[in-house]
Amino acid sequence: MRHLPDPENQPQFYENVTLKRFVAWIVDSLLIFVACSVVVLMTAFVGLFLWPLLYLIIGFFYRFVTLANLSATPGMAFAGVEIRSGDGARLSASQALLHTFGYSVCIAVPVLQVISVAMML
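Below: a short report on this structure.

Calculation rules
- Residues numbered from 1 in each chain as written.
- Predicted model: local features only at pLDDT ≥ 70, side-chain atom pairs only at ≥ 80, totals over all residues.
- Heavy atoms only, no water.
- Salt bridge = Lys/Arg side-chain N within 4 Å of Asp/Glu carboxyl O.
- Phe/Tyr/Trp six-rings, centres within 6.5 Å; stacked < 30°, edge-to-face > 60°.
- Helix = DSSP H or I, 4+ residues; strand = E, 2+ residues; numbered from the N terminus.
- Buried < 20%, exposed > 50% of the residue type's maximum accessible area, 1.4 Å probe, protein only.
- Disulfide = S-S within 2.5 Å.
- Polar contact = N/O pair within 3.5 Å; in protein donor to acceptor, adjacent residues only side chain to side chain.
- Patch = residues over 30% accessible without salt bridge, like charges linked within 9 Å, V, L, I, M, F, W, Y side chains within 5 Å.
- Areas by Shrake-Rupley, 256 points an atom, 1.4 Å probe, with all protein chains shown as cover.
- 1 Å grid on protein atoms, 1.4 Å probe; cavity = no way out; pocket = protein on both sides within 12 Å on 5 of 7 lines; lining within 4 Å.
- Points joined across faces, edges and corners; volume = space filled by probe spheres on them.
- Nonpolar A, V, L, I, M, F, W, Y, C, P; charged D, E, K, R; others polar.

Focus on the pattern of salt bridges
Thought 1: One pass over the structure, following the stated rule, counts two salt bridges.
Thought 2: Arg84 is the partner of Glu82 in a salt bridge, and the nearest nitrogen-oxygen pair spans 2.6 Å.
Thought 3: Across the pair Arg90 and Glu82 runs a salt bridge whose closest N-O atoms are separated by 3.4 Å.
Thought 4: Three or more residues are tied together by salt bridges with common partners; here these are Glu82, Arg84 and Arg90.

This is the structure we're talking about:
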């Protein structure tokens, strides 16, 4: 059975996590924006009328697929952050799906997003 590093005995694993998560979010947001922009161009700009829905759907699949395969999005990999399960293993597809769904709900409800940021700080 794997275990996660102990924050008291191995604090180096948790240094600057909030900053790393912010950098990862910026990189991921830019990549999703580029993907959405390509779709808008491919639809002769009709996709602009559905931009929020388009961004939500592409973002959902982007996060789910990368978390299920790598346990990190490209932005997270760039920032040096991974999501692990409670026993230290990489996320399974079902865990990645649940995480992505929870993240999408938090992004869709601003109050939950504010609470999440406050808890990180």
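Describing the packing of aromatic side chains
Thought 1: All told, the structure shown has four aromatic pairs when counted by the stated rule.
Thought 2: Aromatic pair Phe22 and Trp25: ring centres 6.4 Å apart, planes at 20°, arrangement stacked. Placement of the pair is Phe22 and Trp25 together in helix H1 (residues 17-42), with a separation of three residues, close to one helical turn.
Thought 3: Exposure remark for Trp25: the relative accessible area of 37% places this residue in the partly exposed category.
Thought 4: The interplanar angle of 65° and the centroid separation of 5.5 Å between the aromatic rings of Phe33 and Trp51 together place this pair among those described as edge-to-face. Taken together, the residues span a long stretch of sequence, with Phe33 in helix H1 and Trp51 in helix H2 (residues 51-70) at a distance of 18 residues.

Some remarks on the state of the cysteines
Thought 1: Under the counting rule described, the total for this entry stands at zero disulfides.
Thought 2: Cysteine Cys36 is unpaired, with the sulfur of Cys106 as its nearest cysteine sulfur at 20 Å.

Comments concerning the environment of Arg63
Thought 1: Its place among the elements puts Arg63 in helix H2.
Thought 2: In this structure, the C-alpha to C-alpha distance between Arg63 and Ser104, residues 41 residues apart in sequence, is 9.7 Å.
Thought 3: Within the local environment of Arg63, its side chain forms a polar contact with the side chain of Tyr103, the two groups lying 3.1 Å apart.

Notes on a nonpolar patch on the surface
Thought 1: A surface patch of nonpolar side chains, about 810 Å² in accessible area, is lined by Val46, Phe49, Leu50, Leu53, Leu56, Ile57, Phe61 and Val65.
Thought 2: Locating Leu50 in the fold gives a position in the loop between H1 and H2.

Section: the layout of surface pockets
Thought 1: Counted as a void, the largest pocket has a volume near 1,100 Å³.
Thought 2: Along the wall of the largest pocket there are 34 residues; nearest its centre are Arg21, Met76, Val81, Ile83 and Met120.
Thought 3: Going through the elements one at a time, H1, H2, helix H4 (93-108) and helix H5 (110-120) are the ones with two or more residues in the lining of the largest pocket.
Thought 4: Ranked by the residues each element gives to the lining of the largest pocket, the list is headed by H1, at nine residues.
Thought 5: When its residues are assigned to classes, the lining of the largest pocket shows 19 nonpolar, eight polar and seven charged.
Thought 6: Of the pockets and cavities examined, the second largest pocket occupies roughly 200 Å³.
Thought 7: Taken together, Trp25, Ser29, Pro52, Tyr55, Leu56, Gly59, Phe60, Arg63, Tyr103, Ser104, Ile107 and Gln113 form the lining of the second largest pocket.
Thought 8: Every element with two or more residues in the lining of the second largest pocket is listed here: H1, H2 and H4.
Thought 9: Ranked by the residues each element gives to the lining of the second largest pocket, the list is headed by H2, at six residues.
Thought 10: Residues belonging to the lining of the second largest pocket are distributed by class as follows: seven nonpolar, four polar and one charged.

Just geometry here; none of it tells us what the structure is for.
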